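# Structure assessment
One-letter residues, chain by chain:
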Amino acid sequence: MLDPTELKNALGSVASSMKAPEPSGVRLEDGLEKDTCVYPLDASGVTTNAVVMEVIWDGTGSKAPAIADFGPVTDAQDVSGLGSKAQYSMVRLSGSSEFSLRVQTSQAAYRLLVARPNGADGWDREQGRAVLERIIRKAKI
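Let us now look at the overall build of the protein chain. Helix and strand content of the protein chain: two helices and seven strands. Mapped from its N terminus to its C terminus, the protein chain presents α and β elements in the order α-β-β-β-β-β-β-β-α. Taking 14 Å as the expected radius of gyration for a compact globule of 141 residues, we find that the protein chain reaches 15 Å, a close match to that expectation. Here the C-alpha coordinates of the protein chain stretch approximately 45 × 30 × 30 Å along the principal axes. A buried classification covers 43% of the 141 residues belonging to the protein chain. For the protein chain, the proportion of contacts with a sequence separation of at least 24, taken over those separated by at least 6, is 49%. Carbon and sulfur atoms provide 48% of the accessible area of the protein chain, an area that totals close to 7,200 Å². Charge separation in the protein chain, taken as the distance between the mean sites of 16 positive and 18 negative side-chain charges, equals 4 Å.

Here you go:
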């Protein structure tokens, strides 16, 4: 789970209405586990205006999780200095924009995603990347 104070500091006014985190977990194939924590950014609680932190880890010790376990990503940029591999991407959907940073370490794969309604705050691709990198670095992943 991300530190809510650090998260609010990194997001600034975007997090002014952030609600309590909502954790969940599921078992994936091959013994992998995925823990998810959603931080709604408004009262609706929908994931089109939220911070989502996901961690995939191996519950059996037989397989090293990879960022590819989160599925394909469009137009990913490599990010240096985070884990053994890291990628950033941004995609505009019909009603929202998703800014995503995926980080692979020797023991887990992490995905930090911030979804914002289109036109909500004016983030561009590079502003989103700077915010997500700040959050991940503060989390010491």
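Turning to the nonpolar core, a few remarks are in order. With 30 residues, the main nonpolar core has Leu11, Val51 and Leu132 as its most contacted residues. Taken together, the elements giving at least two residues each to this core come down to helix H1 (4–11), strand S2 (32–40), strand S3 (50–58), strand S5 (85–92), strand S6 (96–104), strand S7 (108–117) and helix H2 (125–138). Ignoring anything within four residues of it in the chain, the contact list for valine 51 reads Leu2, Leu7, Leu11, Cys37, Val38, Tyr39, Leu41, Leu112, Leu113 and Val114.

Parameters at a glance
Residues numbered from 1 in each chain as written. Predicted model: local features only at pLDDT ≥ 70, side-chain atom pairs only at ≥ 80, totals over all residues. Heavy atoms only, no water. Helix = DSSP H or I, 4+ residues; strand = E, 2+ residues; numbered from the N terminus. Rg over C-alpha atoms; globule rule 2.2 N^0.38 Å. Buried < 20%, exposed > 50% of the residue type's maximum accessible area, 1.4 Å probe, protein only. Contact = heavy atoms within 4.5 Å. Areas by Shrake-Rupley, 256 points an atom, 1.4 Å probe, with all protein chains shown as cover. Lys, Arg positive; Asp, Glu negative; His and termini not counted. Charge placed at Lys NZ, Arg CZ, Asp CG, Glu CD. Core = buried A, V, L, I, M, F, W, Y, C linked by side-chain atoms within 4.5 Å.

Scope: geometric values only; no functional claims are made or implied.
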